Amino acid sequence: TRVLVLNGPNLARLGVREPEVYGSATHPDLVDAVQRWAVELGLEAEVRQTDDESALVGWLHEAVDSRAHVVLNPAAFTHYSYALRDAAAQVTTAGLLLVEVHLTNPYARESFRHVSVIGPVATGTVAGFGLDSYRLALSAIARPRV
Ligand code: DQA
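Procedures and definitions
- Residues numbered from 1 in each chain as written.
- Predicted model: local features only at pLDDT ≥ 70, side-chain atom pairs only at ≥ 80, totals over all residues.
- UniProt positions renumbered as here; feature names shortened; annotations may be inferred.
- Helix = DSSP H or I, 4+ residues; strand = E, 2+ residues; numbered from the N terminus.
- Contact = placed C-beta atoms within 7 Å.
- Core = buried A, V, L, I, M, F, W, Y, C linked by C-beta atoms within 7 Å.
- Buried ≥ 20, exposed ≤ 12 C-beta atoms within 10 Å, placed from the backbone.
- Axes fitted to C-alpha atoms, helices over the stretch in contact; angles between N-to-C directions.
- Parallel < 35°, antiparallel > 145°, perpendicular 65-115°, else oblique.
- Left-handed = near helix turned anticlockwise from the far one by under 90°.
- Nonpolar A, V, L, I, M, F, W, Y, C, P; charged D, E, K, R; others polar.

- You'll find the chain entered in an unreviewed UniProt entry as 3-dehydroquinate dehydratase, with Cellulomonas terrae given as the organism.
- Here the chain is described in UniProt, under the heading Catalytic activity (unreviewed entry), as follows: "3-dehydroquinate = 3-dehydroshikimate + H2O".
- For the chain, the Function (unreviewed entry) comment in UniProt is given as "Catalyzes a trans-dehydration via an enolate intermediate."

This is the structure we're talking about:
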């Protein structure tokens, strides 16, 4: 089972960026952890990061065309990108899983973070568990569904 793990803007700055909010793990640490969990769960995961909305849209189209499930941390795009929402909707309507993930719990933060335009078209959301949010998302994809 193939999974694209897609990280949006500013997530390459993990470890440097507001460590009191996002923790001390770096993006390379995230990639290592995801790869390890994917192997344990029998998944084939590829982790990518970009600050570019159009690259994320293109990767979601690629997920549809290559039939890969998606773990998506849309970062700030979560809160306002209708382009990303429309691309994410294509993944789930194609019968693939799309798990929205966040390191932090956006509901416990500023009010502009309380809205996700991605959530309504995602299969589900995991937020607030730091790097472990990605592990939980991967287990949801690996889990046999009834
Ligand atoms: C985030 C939460 C977003 O509100 C924020 O813009 C991010 C990271 C998270 O993983 O907690 O960049 O998606």
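### What to know about the environment of F77
1) Next: The topology assignment puts F77 in the loop between β3 (69-73) and α4 (82-93).
2) Next: Distance in space between the C-alpha atoms of F77 and T104 is 15 Å, their sequence separation being 27 residues.
3) Next: Contact partners of F77, with chain neighbours within four places excluded, come to G8, P9, E53, L56 and L84.

### A closer look at the nonpolar core
1) Next: The biggest cluster of nonpolar side chains holds 37 residues, and the ones touching the most others in it are V3, V5, V70, V71, A88 and L138.
2) Next: Ignoring any residue separated from it by four or fewer positions in sequence, one finds V5 in contact with V34, A45, E46, V47, V71 and Y134.

### Digging into the packing of helix α2 (residues 27-41) against helix α5 (residues 132-142)
1) Next: Put simply, α2 and α5 touch, their axes get as near as 10 Å, and they point 25 degrees apart. Taken together, the axes of α2 and α5 are roughly parallel relative to one another. Between α2 and α5 lies a crossing whose hand is right-handed. Contacts from L30, A33, V34, W37, A38 and L41 of α2 reach α5 at Y134, R135, L138, S139 and A142.
2) Next: Counted by class, the contact of α2 with α5 contains nine nonpolar, one polar and one charged residues.

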